[in-house]
Amino acid sequence: MVRREVVGAHYGLRDWLAQRATAVVMAVYTLLLLGAIAFMPRVDFVSWRALFAAPWMKMATLIFVVSVLLHAWVGVRNILMDYIKPNGLRLALYVVVLMVLVVYAGWAAQILWSV
Amino acid sequence: MTEHTLKMRKRPKHLNLFQIRLPFPALVSILHRASGAILFLLLGLLLWLLQGTLSSGARFDAVRSALSNPALKLVLFGLLWAYLHHLLAGVRHLAMDLHYGTELEMSRASSKLVFFGALALTLIAGVALW
């Protein structure tokens, strides 16, 4: 008898959970940002920059950006899995997407810490 | 070759995307994917805008006046719709993960709420910020 267990590479549950955890983080951050803008006396450069100069906002934005990138990775990978059939092309696109996301992470950190 | 597999082979396929009528939950589902793809493709634009608006007062004003261009405004409102649709459809997903609204009636109703809710909020923001 052949024992077959259809369990895959075990990243399914982890990705499923990560997609939901990052979604909650992003939803909360969205409300936070909208609230912060709503409480600005005037929406101008000075108050916009002051908002992002605050350490708590930097940290919140960093967590948001990391969530966006993880979430985007899982989502875009799923789209590529569904539509790009040739293995070589799909793997190449995975690498491109990963590199773009890593560059965005560095860029976002640079933006945040230049304020 | 059994009769069953013969029947399976002759089963009609109707995969013309222009003729398939999507029920609302299916429409919301494919738009969740499409809006996610749009958001990924425009992430760079958003980072660029964040960098511009945070770097100096002059750049802030330059970005602001660039965004008064109607074409760019439409792109941003398209992006806003994608964000709102993805967010609302995502909340619906999370609710269903927790076994809320999984019955057919409720899921149809909530998919309409997501679809029209995202459009309405985009329209409201569009009128308020134009």
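Residues numbered from 1 in each chain as written. Chains lettered and ligands numbered in written order. Predicted model: local features only at pLDDT ≥ 70, side-chain atom pairs only at ≥ 80, totals over all residues. Heavy atoms only, no water.

### Here's the deal with the overall build of chain A
Here's step 1: Of regular secondary structure, chain A possesses four helices and zero strands.
Here's step 2: Listing every helix and strand of chain A by position from the N terminus yields α-α-α-α.
Here's step 3: Over its C-alpha atoms chain A spans a radius of gyration of 19 Å, topping by over 25% the 13 Å that the globule rule assigns to 115 residues.
Here's step 4: Projected onto its principal axes, the C-alpha positions of chain A cover 70 × 25 × 20 Å.
Here's step 5: Within the span of chain A, comprising 115 residues, buried residues form 37% of the whole.
Here's step 6: Intrachain contacts of chain A at a sequence separation of at least 6 include 66% that bridge at least 24 residues.
Here's step 7: For chain A, the accessible surface area stands at approximately 7500 Å², while carbon and sulfur atoms represent 74% of it.
Here's step 8: Distance between charge centroids for chain A: 3 Å, based on 10 positive and 4 negative side chains. (Helix = DSSP H or I, 4+ residues; strand = E, 2+ residues; numbered from the N terminus. Rg over C-alpha atoms; globule rule 2.2 N^0.38 Å. Buried < 20%, exposed > 50% of the residue type's maximum accessible area, 1.4 Å probe, protein only. Contact = heavy atoms within 4.5 Å. Areas by Shrake-Rupley, 256 points an atom, 1.4 Å probe, with all protein chains shown as cover. Lys, Arg positive; Asp, Glu negative; His and termini not counted. Charge placed at Lys NZ, Arg CZ, Asp CG, Glu CD.)

### Focus on the confidence of the model for chain B
Here's step 1: Predicted confidence across chain B gives a mean pLDDT of 90, with 91% of residues reaching 70 or more.
Here's step 2: Quick note on the complex model: pTM equals 0.88, ipTM equals 0.89. (pLDDT = per-residue confidence, 0-100.)

### Observations regarding the interface of chain A and chain B
Here's step 1: Listed as interface residues are 29 residues of chain A and, on the opposing side, 23 residues of chain B.
Here's step 2: Here chain A packs against chain B, burying approximately 2200 Å² in sum over the two surfaces, 71% of which is carbon and sulfur.
Here's step 3: Here chain A and chain B share two salt bridges between them.
Here's step 4: Here B:D97 makes a salt bridge to A:R20, at a shortest N to O gap of 2.3 Å.
Here's step 5: Here chain A and chain B share ten residue pairs in polar contact (both at pLDDT 80 or more) between them.
Here's step 6: When residues of the side of chain A that touches chain B are traced back to their parent elements, those giving at least two are α1 (12-38), α2 (45-53), α3 (55-83) and α4 (87-113) of chain A.
Here's step 7: If one sorts the elements of the side of chain A that touches chain B by residue count, α3(A) sits on top with ten residues. (Buried area = accessible area lost by both parts, 1.4 Å probe. Salt bridge = Lys/Arg side-chain N within 4 Å of Asp/Glu carboxyl O. Polar contact = N/O pair within 3.5 Å; in protein donor to acceptor, adjacent residues only side chain to side chain.)

### Points about helix α3 (residues 43-55) of chain B
Here's step 1: Helix length check: α3(B) (13 residues) gives 18 Å between terminal C-alpha atoms against 18 Å at 1.5 Å per residue, within 8%.
Here's step 2: Elements that come into contact with the buried residues of α3(B) comprise α2, α3 and α4 of chain A together with α2 (24-41), α4 (57-66) and α5 (70-97) of chain B. (Expected span 1.5 Å × (residues − 1).)

### Looking at the side chain of A:H71
Here's step 1: Topologically, A:H71 is positioned in helix α3.
Here's step 2: Assessed through its relative accessible area of 15%, A:H71 is described here as buried.
Here's step 3: Ignoring anything within four residues of it in the chain, the contact list for A:H71 reads A:Q19, A:T22, A:A23, A:M26 and B:H86.

### Considerations on the nonpolar core
The nonpolar side chains of a soluble globular protein tend to be buried with one another.
Here's step 1: Core analysis: the largest hydrophobic core is formed by 35 residues, its most contacted members being A:W48, A:F52, A:V97, A:L101, B:F40, B:L43 and B:L54.
Here's step 2: Counting residues per element, the ones that place at least two in this core are α1, α2, α3 and α4 of chain A together with α3 of chain B.
Here's step 3: No other element matches α3(A), which puts eleven residues into this core.
Here's step 4: Here A:V97 is in contact with A:W73, A:V76, A:L80 and B:F40, once residues within four sequence places are set aside.
Here's step 5: Membership of the second largest hydrophobic core comes to eleven residues, among which are B:L31, B:A82, B:V114 and B:A118. (Core = buried A, V, L, I, M, F, W, Y, C linked by side-chain atoms within 4.5 Å.)

### Details of the packing of aromatic side chains
Here's step 1: Taken as a whole and judged by the stated rule, the model has eight aromatic pairs over all chains.
Here's step 2: Ring centres of A:Y29 and A:F64 lie 4.3 Å apart, and the angle between their planes is 15°; on these two criteria the pair is classed as stacked. Separated by 35 residues along the polypeptide, A:Y29 in helix α1 and A:F64 in helix α3 bring together distant segments of the chain.
Here's step 3: Ring geometry for A:W73 and A:Y94: centres 5.8 Å apart, planes at 80°, overall edge-to-face. Here A:Y94 lies in helix α4 and A:W73 lies in helix α3, a separation of 21 residues in the sequence.
Here's step 4: For A:Y94, a relative accessible area of 13% puts it in the buried group.
Here's step 5: Linked through ring pairs, B:F24, B:F115 and B:F116 together constitute an aromatic cluster. (Phe/Tyr/Trp six-rings, centres within 6.5 Å; stacked < 30°, edge-to-face > 60°.)

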